[in-house]
Amino acid sequence: MPCLVRTPRIPLFEWLSSNAEKTTYPLAYSNITGVSYEEYLRLTGFSLPANFDLGVDHPHGYHELQKALAGIYQCSPVNIVTSSGGTEANYLVFSSLLSPGDEVIVEQPGYGPLWLTPQTLGARVVPWPRRLEQQFALDLDTLPRLLSKKTKLIVVTNLHNPSGVLIPRQTLQRVADLAALHNVFLLVDEIFLDGAPTPQPSAFGLPNTIVTSSMSKIYGLGGLRTGWIIAPEHVAYQCQSVKSHTTGASSGLSEALNASALLSARGALLERFRARTTENKSFLKSWMAANPDLMTWVEPFGGTICFPRYSADVPSLRLCTELLDSSRVLLAPGEYFFLDRHVRLGFGIDPTLLRQGMKLLEQDLRSRLKK
Ligand SMILES: Cc1ncc(COP(=O)(O)O)c(C=O)c1O
């Protein structure tokens, strides 16, 4: 029997997909409720030209998507690589920059693939702790000690997955300056950034900085699998070359649909996002204020997720498994973000389901305190 190459599992994804059918209260996910095709048509007014050529692919991205992204990031087409979701975007960046033995500094807690994909490529992950006690802020004093001659890349998310905290512009500027001083790159995954309550500038344009994003989380269009990289020209060129080995080109039809979403309905989609999450976030805020003995949180700046610490004396995977079995509430265990005794809680869902799910969570956590 020929040997298979071993790729690290991504336990977060396995947890989310294997439990999707078992939950009534899906509080583990990080995307806003998806946009239906009917809603999409109403918001965009899009109609596919009858002569749209379904036989042609667009390795450099469908031209209208290029145009939309060039406008948003104020960049040139040579800085843009389109991809099949944020997942491929991050993969292309990692495989363009990393070789076995290299070191990557990655925030902790953090989104699983940002640790595990570099490991697949033989790189070593050096965790950069973000602490609840410091409001999950990036600790600039620690960073210089983590850099070594082997460091190639620093990786952060903005807004932070899992806490939803914003990295202020001045902090990003200082990280990028340090990256440039040490001749390393900074990857800022901005998939949640458009979910900020007020528009925030992209980190693209800071020294040595690459950004990635997609339509999955804030826009509710993840099924179309459109993402992108915005990078200095030579990095974008390399990512484009690697893309020839992965997908070659993303779906032109998806890119056309998403181009129209960004060019003609971006404001309306962001409004839809804010309408849903503002109410849910203020409900969570009052829930946290009413239950300080059960959970401590850092209020997320925006987006769809937060990362509270619970007081019950139980590991996160056990807590989440028991809660799902007893109440059909699905949370994401903190250990899948490399920080136990926390859970990731998503609030992009229907407000009634969120309220009911939080009620059941409250009962569960309260019963544990009494034991
Ligand atoms: C920080 C971050 N980056 C990338 C992705 C992947 O995005 P996509 O669904 O567009 O592949 C996710 C999905 O959860 C994410 O949270």
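Starting from 1, residues in each chain are numbered consecutively following that chain's sequence as written. With pLDDT at 70 or above as the cut-off, local features in this predicted model cover only qualifying residues; side-chain atom pairs require 80 or more to be listed or tallied, and sums for whole chains, interfaces and linings still use all residues. Here the side-chain values reflect all heavy atoms present in the structure, with hydrogen atoms and water set aside.

Notes on the site of the ligand
Now for step 1: Around the ligand, a shell composed of 15 residues is seen, among which Thr87, Asp189, Ser214, Ser216 and Lys217 lie nearest.
Now for step 2: Polar contact criterion, stated in full: a pair of N or O atoms within 3.5 Å, where within protein one must be able to donate a hydrogen and the other to accept it, and residues adjacent in sequence count only if both atoms are side-chain atoms. Contact between the ligand and Asp189: a nitrogen atom at 2.6 Å from a side-chain N or O atom of the residue.
Now for step 3: A distance of 2.7 Å is found between an oxygen atom of the ligand and a side-chain nitrogen or oxygen belonging to Ser214.
Now for step 4: With the chains in place, 92% of the 390 Å² that the ligand exposes on its own is no longer accessible.
Now for step 5: When residues of the shell around the ligand are assigned to their parent elements, the largest contribution, 4 residues, is made by helix H4 (residues 85-97).
Now for step 6: Grouping the constituent residues of the shell around the ligand by class yields 3 nonpolar, 9 polar and 3 charged. If even one non-hydrogen atom of a residue comes within 4 Å of a molecule or strand, that residue is called near it. What sets the accessible areas is the Shrake-Rupley method with a 1.4 Å probe; for residues, cover comes only from the shown protein chains. The numbering of helices and of strands both runs from the N terminus, where a helix is a DSSP run of H or I of at least 4 residues and a strand a run of E of at least 2. All residues other than Ala, Val, Leu, Ile, Met, Phe, Trp, Tyr, Cys, Pro, Asp, Glu, Lys and Arg, Gly among them, are scored as polar; the first ten of these are nonpolar and the last four charged.

Quick notes on the sheet that holds strand E8 (residues 227-230)
Now for step 1: Spatial strand order, E2-E8-E7-E6-E5-E3-E4: 7 strands in an open sheet with mixed pairing. Edge positions in the sheet fall to strand E2 (80-83) and strand E4 (124-129), since each has one partner strand and no second. Going from strand to strand, the sheet's axes swing by 20° on average, the running direction of each strand aside.
Now for step 2: Helix H3 (residues 63-73) rests against E2, strand E7 (209-214) and E8 of the sheet, and its axis sits at about 125° to E2. At least two bridges found by DSSP between two strands is the condition for calling them paired. Lines fitted to C-alpha atoms define the axes, with helix axes restricted to the stretch in contact, and inter-axis angles between N-to-C directions lie between 0 and 180 degrees. Contact between two residues is taken to exist if any of their heavy atoms lie within 4.5 Å; hydrogens are not considered.

Some details on the packing of aromatic side chains
Now for step 1: Two rings from Phe, Tyr or Trp (for Trp, the six-membered ring) form a pair when their centres sit within 6.5 Å of each other. Planes less than 30 degrees apart are called stacked, planes more than 60 degrees apart edge-to-face, and all others tilted. Counted under the stated rule, the structure contains 8 aromatic pairs.
Now for step 2: Every member of this aromatic cluster is reached through a ring pair, and the members are Tyr37, Tyr40 and Phe46.

Observations regarding the pairing of strand E14 (residues 343-346)
Now for step 1: For the exposure calls, accessible area comes from a 1.4 Å probe over protein chains only, and a residue counts as buried if that area is under 20% of its type's maximum, exposed if over 50%, partly exposed in between. Residues Val343 and Leu345 point to one face of E14 and Arg344 and Gly346 to the other, with burial holding for every one of them.
Now for step 2: In terms of strand pairing, strand E10 (residues 305-306) meets E14 through 2 bridges, oriented antiparallel. Following the sheet pairing, Cys306 is matched in E14 by Leu345.
Now for step 3: Alignment of strand E13 (residues 332-333) against E14, held across 2 bridges, turns out to be antiparallel. Within E14, the position partnered with Pro333 by the bridge is Val343.

A word on the domain arrangement of the protein
Now for step 1: An automatic or database domain assignment is the source of the domain bounds shown. Looking at the assigned domains, one finds that the protein contains domain 1 (11-37 + 267-370) and domain 2 (48-266).
Now for step 2: For domain 1 and domain 2, the distance between their C-alpha centres works out to 25 Å.
Now for step 3: The interface is formed by 32 residues belonging to domain 1 together with 36 residues belonging to domain 2.
Now for step 4: Both faces combined, the contact of domain 1 with domain 2 buries some 2,900 Å², and carbon together with sulfur accounts for 68% of it.
Now for step 5: The largest contributions to the domain 1 side of the interface with domain 2 come from Val298, Phe301 and Phe338, which together make up 26% of the buried area.
Now for step 6: In the sections that follow, a salt bridge refers to a side-chain nitrogen of Lys or Arg positioned within 4 Å of a carboxyl oxygen of Asp or Glu. Our count for the contact surface shared by domain 1 and domain 2 stands at 1 salt bridge.
Now for step 7: Among the salt bridges present, the one from Arg309 reaches Glu133, with a minimum N-O distance of 3.1 Å.
Now for step 8: Counting the contacts that link domain 1 with domain 2 gives 16 residue pairs in polar contact (both at pLDDT 80 or more). The term buried area means the drop in 1.4 Å probe accessible area that two parts suffer when joined, counted for both and summed.

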